[in-house]
Amino acid sequence: MQIELDILQSLGVAIIAFILGQSIKNKVEFFKKFFIPSPVIGGLIISIINLILSQSGLLFVKFDEIIQDFFMNIFFTCIGLSCSFKVLKKSGWLGLKLAIAIIILLPLQDLIGVGLSYVLGINPLHGIAMGSTSMTGGIGSAVSFGKIMESYGATNNTTIGVAAATFGLLIGSLVGGPTAKRLIRNHNLKSKGILLERNKEEVKKEINQQSLMQAIIIIALASFLGTFINKLLGHTSINFPYYVGCQFGGLVVRNIYDGFKKDVKINNVEILGNISLNLFLALSLINLDISAILGLALPMFIIMFAQAIFISIYTSLVTFNITGRDYDAAVMVAGHCGVGLGQTPNAIANMEAIIEEEGPADVAMFVFPIVLAIAVNFFNPIVITFFINAFK
């Protein structure tokens, strides 16, 4: 028997999944240490329960996907609104070199995934799902592009991508520290102390109905603009996912605001973006088909292991050398390993772990988050879309 839940019912189950995941994460140190998102924990539990009920022949619960897509598009609009070229300029020449190192990695991860997929005899789109889609892109990207790749015949691609991204969250925190410490030891690198005043605009502004409403208006207008950008992208030979238009809409609006020296209410935008991300992930995870990855367990392990080894080598040879071969460069290597296999929290935690032991790295801590947000969020969807269209 199949039960189909409507929008509000699906949202209600997703909220329950989030609360459940949050409660478990607060009690289990392992999940906190490796930055496993609460909606992923709770969503996986719900999807496992759904799998058990389905396999037992009792019932199968199907959740509404429209609201999932809504929160996905809002989240990526918020990502676009964080892409300020004015802020990027502050990172200077070092920021540009770091961006190059980050961008070059993206297609290489996809080439590894695709190449090994042919060797292992699996769909190359599954290889892309285990490339920059899930590695640098994370769980949100795996879900978003997984649906597109499934439409091209890559069965259960979303589940495979989420599994790969979850593996990346674990391994990303394990690879970065040892890689950076090896560079520090081999090159006898030392912290130069506090090199600059961090230009943080983190004086938390009061959050109230008016400030949140202003942020909602900006997000709504940016996503509205994004729908028209999406129509323009539809006239190209590349099949871009719908949310890319929303992301470009956010980028355009943010830089228009910057040009007129207007406040985009970025603190509130980020809050609303994070809320949308949590709900999007919860809605996505409760709808996963867990049984789909069992037949691909060995190929997945081989590809994930290869990705982990490759990023350690790549960051040591490329990221470290291109960003100056000094202590701050080694700290950025730790961050790049963290985000290249996991997500931004992994990157920051890797960097802070090195700093706590070896000393301050003010340049790295200032430049890396700014460049990362723009380089990954702007270029990765384009790279993934190119590979999907090449191997679909």
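Please read all numbers here as calculations on a predicted model, not as lab measurements.

Criteria and cut-off values
- Residues numbered from 1 in each chain as written.
- Predicted model: local features only at pLDDT ≥ 70, side-chain atom pairs only at ≥ 80, totals over all residues.
- Heavy atoms only, no water.
- Helix = DSSP H or I, 4+ residues; strand = E, 2+ residues; numbered from the N terminus.
- Buried < 20%, exposed > 50% of the residue type's maximum accessible area, 1.4 Å probe, protein only.
- Contact = heavy atoms within 4.5 Å.
- Axes fitted to C-alpha atoms, helices over the stretch in contact; angles between N-to-C directions.
- Parallel < 35°, antiparallel > 145°, perpendicular 65-115°, else oblique.
- Left-handed = near helix turned anticlockwise from the far one by under 90°.
- Nonpolar A, V, L, I, M, F, W, Y, C, P; charged D, E, K, R; others polar.
- pLDDT = per-residue confidence, 0-100.
- Core = buried A, V, L, I, M, F, W, Y, C linked by side-chain atoms within 4.5 Å.
- Patch = residues over 30% accessible without salt bridge, like charges linked within 9 Å, V, L, I, M, F, W, Y side chains within 5 Å.
- Areas by Shrake-Rupley, 256 points an atom, 1.4 Å probe, with all protein chains shown as cover.
- Salt bridge = Lys/Arg side-chain N within 4 Å of Asp/Glu carboxyl O.
- Expected span 1.5 Å × (residues − 1).

### Regarding the side chain of asparagine 157
- Note on placement: asparagine 157 falls in helix H9 (residues 157-186).
- The buried category is assigned to asparagine 157, whose relative accessible area is 0%.
- Residues contacting asparagine 157, with those up to four places away along its chain left out, are Leu125, His126, Ala129, Gly146, Met149 and Glu150.

### Some remarks on the environment of glutamate 352
- By secondary structure assignment, the location of glutamate 352 is in helix H15 (residues 344-358).
- Sequence separation between glutamate 352 and serine 316 is 36 residues, and the spatial gap between their C-alpha atoms is 18 Å.

### Some points on the packing of helix H4 (residues 66-81) against helix H8 (residues 138-151)
- Running from N to C, H4 and H8 cross one another at 125°; their axes reach a closest spacing of 11 Å. Relative to H8, the element H4 lies oblique. Where H4 crosses over H8, the two elements pack in a sense that is left-handed. Here Gln68, Asp69, Met72 and Phe76 of H4 lie close against H8, whose contacting residues are Val143, Ser144 and Lys147.
- For the contact of H4 with H8, the residue count by class is 3 nonpolar, 2 polar and 2 charged.

### With respect to the confidence of the model for the protein chain
- Mean pLDDT for the protein chain: 87, with 94% of residues reaching 70 or above.
- The least confident element of the protein chain, judged by mean pLDDT, is helix H5 (residues 85-89) at 77; the most confident is helix H7 (residues 124-129) at 96.
- Low pLDDT, under 50, characterises residues 195-203; the stretch is placed with 12 contacts to residues that sit more than four places away or in other chains.

### Things to note about the nonpolar core
- Among the nonpolar cores identified, the biggest contains 51 residues, and Met130, Tyr327, Val331 and Phe368 are the most heavily contacted of them.
- Broken down by secondary-structure element, the contributors of at least two residues to this core are helix H6 (92-120), H9, helix H13 (297-322), helix H14 (327-341), H15 and helix H16 (362-391).
- Looking at this core element by element, the count peaks at 11 residues for H16.
- If near-sequence neighbours (up to four positions away) are discounted, tyrosine 327 is found in contact with Ile184, Leu189, Lys190, Ser191, Ile354, Ile355, Glu358, Gly359, Pro360 and Ala361.

### What about a nonpolar patch on the surface?
- Residues Leu298, Phe301, Ile302, Phe305, Ile309, Ile313 and Leu317 make up a contiguous nonpolar surface patch of roughly 700 Å² in combined accessible area.
- Within the element layout of this structure, phenylalanine 301 appears in helix H13.
- Overall, phenylalanine 301 belongs to the exposed group, its relative accessible area being 53%.

### Describing H4
- Here H4 spans 23 Å end to end across 16 residues, near enough to the 22 Å set by a 1.5 Å rise per residue.
- Within H4, 13 of the 16 residues are buried, leaving the element largely enclosed by the surrounding structure.

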